[in-house]
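Commentary on secondary and tertiary structure
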Amino acid sequence: FSWPDELDDTPTFEDVDGDYWAADPIQELSSRGIIQGSDGTFRPSESVRRGQALAMIGRMLEWQAEPVDTEFPDVDSDYFSSGYIHHAVEADYISGFSDGTFRPNNNVTRGQMAAILGSVFELDVSSVSTADRFTDVEESTTGYRAIAYLAEEGIVGGYDDGTYRPNEPLTRAQFASIFYELGEH
């Protein structure tokens, strides 16, 4: 893994000032074209959707972005991240749902993102200690071992009450912070 080259013209966002807790990660990923806003805003508190998550991962890893018709009735070539979704499904990083849909506009939870990152980056989660790291993360939790690995490496953190909140939607700012830390490792 290496960071994509910096863009010649880095966008700035009117809703993210230099004092915002995730300003540096947002700026870094924006400067490399990994994250994008809309109409001069980033909307850091909004949830990341499945299609957006794969687009950002795909931009980071420079996957083929060419729009394609996918096997999913809810993701055709007009969907902005259809190429990234196709790549991720073909590589077995993520799958659709049992009803044959992909649901690209569903929110991604904190646990799901850990699981996706564990798969995409082939994290060696076999030897990580999972013992009581977070009070709300158990073996049945989506991304269980990946959460422990990412926490052990300092890429993700929990909350002051000892929880990780794996079922909460991941915000765009949290996503930027996680990706920034992942890139630093």
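Described below are features of the structure shown in this document. Every value quoted in this text rests on a predicted model; they were computed, and no experiment measured them.

Turning our eyes to something else, we now look at the side chain of Ser 82. With respect to the helices and strands, the residue Ser 82 is situated in helix α3 (residues 82–90). At 3.1 Å, the side chain of Ser 82 and the backbone nitrogen of Val 68 are in polar contact. Residue contacts for Ser 82: discarding those within four places in its chain leaves Pro 67, Val 68, Thr 70, Val 75, Asp 76 and Ser 77.

Let us now look at the packing of helix α4 (residues 110–120) against helix α5 (residues 144–152). Between α4 and α5, the least distance of the axes is 8 Å, while the angle of their chain directions is 85°. As judged from the angle between their axes, α4 and α5 are roughly perpendicular. On α5, the residues that touch Gly 111, Ala 114, Ala 115, Leu 117 and Gly 118 of α4 are Ala 146, Ile 147 and Leu 150. Each residue belonging to the contact of α4 with α5 can be placed in one class, and the counts come to six nonpolar, two polar and no charged.

In this structure the tally under the stated criterion is seven aromatic pairs. Aromatic side chains Tyr 20 and Trp 21 sit 6.0 Å apart centroid to centroid with 40° between the ring planes, which places their arrangement in the tilted category. Measuring from centroid to centroid gives 5.2 Å for Phe 72 and Phe 102, while their planes differ by 50°, and the two rings are tilted. Pair noted here: Phe 72 is in the loop between α2 (50–61) and α3 and Phe 102 is in the loop between α3 and α4, with a separation of 30 residues, a long-range link. Residue classification places Phe 72 among the buried positions, given a relative accessible area of 6%. Between Arg 103 and the ring centre of Phe 97, over which it is positioned, the NZ or CZ distance is 3.9 Å.

Reading guide: rules and limits
- Residues numbered from 1 in each chain as written.
- Predicted model: local features only at pLDDT ≥ 70, side-chain atom pairs only at ≥ 80, totals over all residues.
- Heavy atoms only, no water.
- Helix = DSSP H or I, 4+ residues; strand = E, 2+ residues; numbered from the N terminus.
- Polar contact = N/O pair within 3.5 Å; in protein donor to acceptor, adjacent residues only side chain to side chain.
- Contact = heavy atoms within 4.5 Å.
- Axes fitted to C-alpha atoms, helices over the stretch in contact; angles between N-to-C directions.
- Parallel < 35°, antiparallel > 145°, perpendicular 65-115°, else oblique.
- Nonpolar A, V, L, I, M, F, W, Y, C, P; charged D, E, K, R; others polar.
- Phe/Tyr/Trp six-rings, centres within 6.5 Å; stacked < 30°, edge-to-face > 60°.
- Buried < 20%, exposed > 50% of the residue type's maximum accessible area, 1.4 Å probe, protein only.
- Lys NZ or Arg CZ within 6 Å of the ring centre and 35° of its normal.

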